[in-house]
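# Close look at the chain arrangement
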Amino acid sequence: MEFSSKLLENAVNEMSQLPGIGKRTALRLVLHLLKQPKEQTHSLSRHLLQMRDNINFCENCHNISDTKRCEICANPNRLERIVCVVEDIRDVMAIENTSQYRGHYHVLGGKISPMDGIGPGELTINSLVEKVKSGAIDEIIFALSSTMEGDTTNFYIFKQLEGLNVITTTIARGISVGDELEYADEVTLGRSILNRIPFENSLKNS
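So, here's what we can say about the structure. (Residues numbered from 1 in each chain as written. Predicted model: local features only at pLDDT ≥ 70, side-chain atom pairs only at ≥ 80, totals over all residues. Heavy atoms only, no water.)

### Considerations on the packing of helix 1 (residues 6–15) against helix 2 (residues 23–35)
Heads up, the rule is: A fitted line through C-alpha atoms serves as each axis, taken over the contacting stretch for helices, and the angle formed by two N-to-C directions is quoted from 0 to 180°. Secondary structure elements are defined from DSSP: runs of H or I of at least 4 residues count as helices, runs of E of at least 2 residues count as strands, and each element is numbered from the N terminus. Roughly parallel means an angle under 35 degrees; roughly antiparallel means over 145; roughly perpendicular covers 65 to 115; every other angle is labelled oblique. By convention, the crossing between two helices is left-handed when the near helix turns anticlockwise from the far helix through less than a right angle, and right-handed when the turn is clockwise. The criterion used for residue contact is that any of the two residues' heavy atoms lie within 4.5 Å. Three classes are used, and their members are as follows: Ala, Val, Leu, Ile, Met, Phe, Trp, Tyr, Cys and Pro are nonpolar, Asp, Glu, Lys and Arg are charged, and the others, Gly among them, are polar.
At a minimum axis distance of 8 Å, the contact between helix 1 and helix 2 shows a crossing angle of 125°. Judged by the angle between their axes, helix 1 and helix 2 are oblique. Crossing of helix 1 against helix 2: the hand is right-handed. Together, Leu-8, Ala-11, Val-12, Asn-13 and Met-15 of helix 1 and Lys-23, Ala-26, Leu-27, Leu-29, Val-30, Leu-31, Leu-33 and Leu-34 of helix 2 make up the contact between the two elements. By residue class, the composition of the contact of helix 1 with helix 2 is eleven nonpolar, one polar and one charged.

So, in structure tokens, the structure goes:
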């Protein structure tokens with residue numbers, strides 16, 4: 001792809017590093033920005049910088065937050081002794097949209113995937129285990145995507161929690177095998193949370 005401007009080329013190259021954005025899409029987006037008032041592009045740049053420089057991860061659940069403790073963990077009406085384990089913030093948002101869950105979350109930051117170089121040490125599994133050991137949690141709900149990586153991560157955490165005084169459940173398989181949680185419809189996901197089953201039962205059925 002030939003560019004008449006090095007500035008344009010640099011912008012397109014940076015934009016194309018975003019997931020799902022190829023060079024042609026990046027060029028279309030950059031040209032769109034050029035057509036907009038400068039103030040709009042400056043506003044976009046300013047908000048992206050503010051997000052990158054000032055955003056926090058909740059000290060309790062590792063959710064993305066504007067403060068040290070996210071709104072969910074800071075809410076006294078939430079059931080803090082029930083913790084739903086999810087991959088990332090998109091899954092938190094998906095479950096919250098169902099209005100069927102009133103507990104806390106624990107965001108792992110990914111799934112165990114040796115092919116991608118992601119092992120247990122790259123995830124927030126240790127802090128979850130420590131919370132369980134402290135006696136602060138009564139129930140762990142596994143709500144990872146029903147993929148091989150999700151099931152592997154669930155099983156790994158389950159083995160880490162063996163012998164500890166905590167109930168482990170998993171969302172019901174209203175979510176199709178191989179589906180990502182964030183794409184499930186709200187009704188199906190809500191029912192899967194409400195109809196969760198003991199994790200041991202899911203091992204027998206797999």
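### With respect to the layout of surface pockets
Quick note on the threshold: Definitions used throughout: a 1 Å grid over protein atoms alone; a cavity as a set of points that fits a 1.4 Å probe which cannot get out; a pocket as an open set with protein on both sides within 12 Å along at least five of seven lines; a lining residue as one with an atom within 4 Å of a point. Grid points are joined across faces, edges and corners, and a volume is the space filled by probe spheres set on the points.
Of the pockets and cavities examined, the largest pocket occupies roughly 620 Å³. Around the largest pocket, the lining comprises 22 residues; the ones closest to its centre are Ala-11, Met-15, Val-30, Leu-33 and Thr-41. Of all elements in the fold, only helix 1, helix 2 and helix 3 (38–54) reach the threshold of two or more residues within the lining of the largest pocket. Tallied by class, residues from the lining of the largest pocket come to 13 nonpolar, seven polar and two charged.

### Describing the packing of aromatic side chains
The description of an aromatic ring pair rests on the distance of the ring centres and on the angle between the ring planes. Selection criterion: Classification of ring pairs rests on two measures: the distance between centres of Phe, Tyr or Trp rings, Trp counted by its six-membered ring, which must be within 6.5 Å, and the angle between planes, read as stacked under 30 degrees, edge-to-face over 60 and tilted in between.
Enumeration according to the criterion identifies one aromatic pair in this entry. An angle of 65° between the planes, with centres 5.2 Å apart, marks the rings of Tyr-101 and Tyr-105 as edge-to-face.

### Describing the pattern of salt bridges
Cut-off, in case you're wondering: The rule for a salt bridge is simple: a side-chain nitrogen of Lys or Arg has to be within 4 Å of a carboxyl oxygen of Asp or Glu. For every residue, the accessible area (1.4 Å probe, protein chains only) is compared with the maximum for its type, and the residue is labelled buried under 20%, exposed over 50%, or partly exposed between those bounds.
Evaluated as defined, the whole model comprises eight salt bridges. The partner of Arg-81 in a salt bridge is Asp-138, and the shortest N-O contact between them spans 2.9 Å. Placement of the pair is Arg-81 in strand 3 (residues 79–86) and Asp-138 in the loop between helix 6 (125–133) and strand 5 (139–142), with a sequence separation of 57 residues. For the salt bridge of Glu-162 with Lys-159, the shortest nitrogen-to-oxygen distance reads 3.1 Å. On the accessibility criterion, Lys-159 (39% relative accessible area) is partly exposed.

### Re the packing of helix 6 against helix 7 (residues 148–161)
Two numbers describe how helix 6 lies on helix 7: the axes approach to 10 Å, and their chain directions differ by 35°. Helix 6 and helix 7 meet at a crossing whose hand is right-handed. Packed against helix 6, whose contacting residues are Ile-125, Leu-128, Val-129 and Val-132, the element helix 7 presents Tyr-156, Ile-157, Gln-160 and Leu-161 at the interface. Class assignment for the residues of the contact of helix 6 with helix 7 results in seven nonpolar, one polar and no charged.

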